[in-house]
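Here are the chains, one letter per residue:
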Number of protein chains: 2
Amino acid sequence: MDYSTAKNKFLQTWGALGSQWGINKTMAQIHALLMVSDEAISMEDIMQELQISRGNASMNLRALMDWGIVYKENKPGERREFFIAEKDLDELATKIAKERSKREIKPALKMLKEVSSIQANETPAEKHFVEQTKKLYDFVGRADEMIDKVTTYKDNWLGKLMIKLLK
Amino acid sequence: MDYSTAKNKFLQTWGALGSQWGINKTMAQIHALLMVSDEAISMEDIMQELQISRGNASMNLRALMDWGIVYKENKPGERREFFIAEKDLDELATKIAKERSKREIKPALKMLKEVSSIQANETPAEKHFVEQTKKLYDFVGRADEMIDKVTTYKDNWLGKLMIKLLK
DNA sequence: TCAAACTTTCAAAAATAATTGAAATATATT
DNA sequence: AATATATTTCAATTATTTTTGAAAGTTTGA
């Protein structure tokens, strides 16, 4: 397999993986492209490489910067903007985890807290509803916390020890 | 907030959360409905409660059973089928993790192995591509492994210790 | 074996999400 | 200030995903 084929395969598969996890395919692909590029890339080049429109490129680059995993880079003497990706994978994972937690998990937790706090009457149905949503609240809360801890401490000694122990 | 409002809010929000993580909204909602129900539910009742068609209910129940997180239950003297959800949340998380790993992560790993194995020439671009995809391969592989271990051992003493230590 | 009760399948329709492209806006240069 | 270059916005279009519903299939029991 040659470089160009490999690169295409990578961009293609990474985009599909993104989709499967609720991330816009183009967004995943732009990030993938920046990840494997040895230098900053202009919007023009991104459009060219992924065959996408200017609007699409602009919007998804904005989203990636909002996530904190892509940065602008200004080249001296160059008018247009260049982009680079966060390449430290631990840092990347941490940012993605924190962002998804904030945007998606935390609101779900809030809802679980609310609905599990209703005054249930004596029927089995209502009692069970409260019981289950309480359990779900505890569980999701713990999982969210754990992901946060695991990503935060991934590169320190404690984390390394744990990860080793888990092997 | 009364029971019916709370239940609706739960089903609604859980469905949205599913969507955000690449899971069919109805599939997430059927599972949610079964999770908080104190008894097995017929397809008819699921259709009724979520206001969905027979085909939709049938297909998504099939998918949930393929994931191994919903089971059929036969009531004596009853012709039609009833459904119950896996209610042990550790077990649920384990099954979801294993299934997503198998369907989505493993194929991505396979691709990363392939594309990072190309014979790169001396250009910085090709060298960097191989370097990055190799790193990605290692990282995704480790993450995949860790999720597997964490979920598998979640309810034994080792896991409990770790989780406590991570607090 | 037949018919009633129930479930599955899948092509067509509907709903949702992503993308385009051109006008508007912003920024830099002369 | 005027012009050129670059970026953003967003209504309209296109693509993708989900849902429907009726026909086909299956199972049970009379």
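Worth saying up front: this structure is predicted, and the values here are computed from it rather than measured.

Undergrad: Break down the relation of the copies chain A and chain B for me, with residues and values.
TA: Mapping chain A onto chain B calls for a rotation angle of 180 degrees and an axial translation of 0.0 Å; the resulting RMSD is 0.0 Å. Given the turn and translation reported, the copies of this chain are related as if by a two-fold rotation axis.

Undergrad: Summarise the interface of chain A and chain B; cite the residues concerned and give the values.
TA: Counting residues at the interface gives 51 residues for chain A and 51 residues for chain B. E114 of chain A is the salt-bridge partner of K9 of chain B, the closest N and O atoms lying 2.5 Å from each other. With 15 residues, the single largest contributor to the side of chain A that touches chain B is helix α6 (residues 124–152) of chain A. Looking at the side of chain A that touches chain B residue by residue, the class counts come to 29 nonpolar, seven polar and 15 charged.

Undergrad: Summarise the protein's contact with DNA strand D; cite the residues concerned and give the values.
TA: Every one of the 18 residues lining DNA strand D counts as a neighbour, but S58, R79 and E81 of chain A together with T26 and S53 of chain B are closest to it. Residue S58 of chain A places a side-chain N or O atom 3.1 Å away from a phosphate oxygen belonging to DNA strand D. Between a phosphate oxygen of DNA strand D and a main-chain N or O atom of E81 of chain A, the distance comes to 2.9 Å. Looking at the surface near DNA strand D, the elements that each hand over two or more residues are α4 (54–66) of chain A together with α4 (54–66) of chain B. No other element matches α4 of chain A, which puts four residues into the surface near DNA strand D. Grouping the constituent residues of the surface near DNA strand D by class yields four nonpolar, eight polar and six charged.

Undergrad: Tell me about the protein's contact with DNA strand C, and name the residues and values.
TA: Near DNA strand C there are 18 residues, and of these T26 and S53 of chain A together with S58, R79 and E81 of chain B occur at the shortest range. Close to the protein, within 4 Å, the atoms of DNA strand C belong to sugar or phosphate groups at a rate of 61%. Measuring from a base nitrogen of DNA strand C, one finds a side-chain N or O atom of R79 of chain B at 3.2 Å. Of all the secondary structure elements, the ones that give two or more residues to the surface near DNA strand C are α4 of chain A together with α4 of chain B. With four residues, α4 of chain B is the single largest residue contributor to the surface near DNA strand C. Residues belonging to the surface near DNA strand C are distributed by class as follows: four nonpolar, eight polar and six charged.

Undergrad: Just give me the short version of the environment of D2 of chain A, but keep the residues and values in it.
TA: All names here are of chain A. Looking at where D2 falls in the secondary structure, it is placed in the segment before α1 (3–20). According to the relative accessible area criterion, D2 is partly exposed, its value standing at 44%. Sequence spacing of D2 and T151 is 149 residues, and the spatial spacing of their C-alpha atoms is 35 Å. A distance of 2.3 Å separates polar atoms of two side chains, one belonging to D2 and the other to T5.

Undergrad: Describe helix α1 (residues 3–20) of chain B, and please don't skip the residues or the numbers.
TA: With 18 residues, α1 of chain B extends 26 Å from end C-alpha to end C-alpha; this agrees with the ideal 26 Å at 1.5 Å per step. Taken residue by residue, α1 of chain B has Y3, A6, K7, F10, L11, W14, G15, L17 and G18 of chain B as its buried positions. For α1 of chain B, the angular spread of buried residues about the axis comes to 160 degrees, placing them on one side. Of the surrounding secondary structure, the elements contacted by the buried residues of α1 of chain B are α5 (89–115) and α6 of chain A together with α2 (25–35) and α3 (43–50) of chain B. A positive backbone phi angle near 75 degrees is found at G22 of chain B, which sits one or two residues after α1 of chain B.

Undergrad: An account of the packing of aromatic side chains is requested, with residue identities and associated values reported.
TA: Here the distance between the centres and the angle between the planes together describe a pair of aromatic rings. Evaluated as defined, the whole model comprises seven aromatic pairs over all chains. Taking 5.8 Å as the distance between ring centres and 35 degrees as the angle between the ring planes, the aromatic pair formed by F10 of chain A and W14 of chain A counts as tilted. Residue F10 of chain A and its partner W14 of chain A are located together in helix α1, separated by four residues, close to a single helical turn. For the pair formed by F10 of chain A and W14 of chain A, the shared burial category is buried. Seen in terms of ring centroids, F10 of chain A and F129 of chain B are 6.1 Å apart; in terms of plane orientation they differ by 80 degrees. Their pairing is edge-to-face. Of this pair, F10 of chain A sits in helix α1 while F129 of chain B sits in helix α6 (residues 124–152), which puts the two residues in different chains. On the accessibility criterion, F10 of chain A (0% relative accessible area) is buried. We classify F129 of chain B as buried; its relative accessible area is 0%. Each residue in the set Y3, F10 and W14 of chain A together with F129 of chain B is aromatic and connected to the rest through ring pairs, giving one cluster. Looking at K75 of chain B, its charged tip hangs above the ring of F82 of chain B, at a distance of 4.4 Å from the centre.

About the cut-offs
- Residues numbered from 1 in each chain as written.
- Chains lettered and ligands numbered in written order.
- Predicted model: local features only at pLDDT ≥ 70, side-chain atom pairs only at ≥ 80, totals over all residues.
- Heavy atoms only, no water.
- Least-squares fit on C-alpha atoms with pLDDT ≥ 70 in both.
- Contact = heavy atoms within 4.5 Å.
- Salt bridge = Lys/Arg side-chain N within 4 Å of Asp/Glu carboxyl O.
- Helix = DSSP H or I, 4+ residues; strand = E, 2+ residues; numbered from the N terminus.
- Nonpolar A, V, L, I, M, F, W, Y, C, P; charged D, E, K, R; others polar.
- Near = heavy atom within 4 Å.
- Polar contact = N/O pair within 3.5 Å; in protein donor to acceptor, adjacent residues only side chain to side chain.
- Buried < 20%, exposed > 50% of the residue type's maximum accessible area, 1.4 Å probe, protein only.
- Expected span 1.5 Å × (residues − 1).
- Arc of directions from axis to C-beta.
- Phe/Tyr/Trp six-rings, centres within 6.5 Å; stacked < 30°, edge-to-face > 60°.
- Lys NZ or Arg CZ within 6 Å of the ring centre and 35° of its normal.

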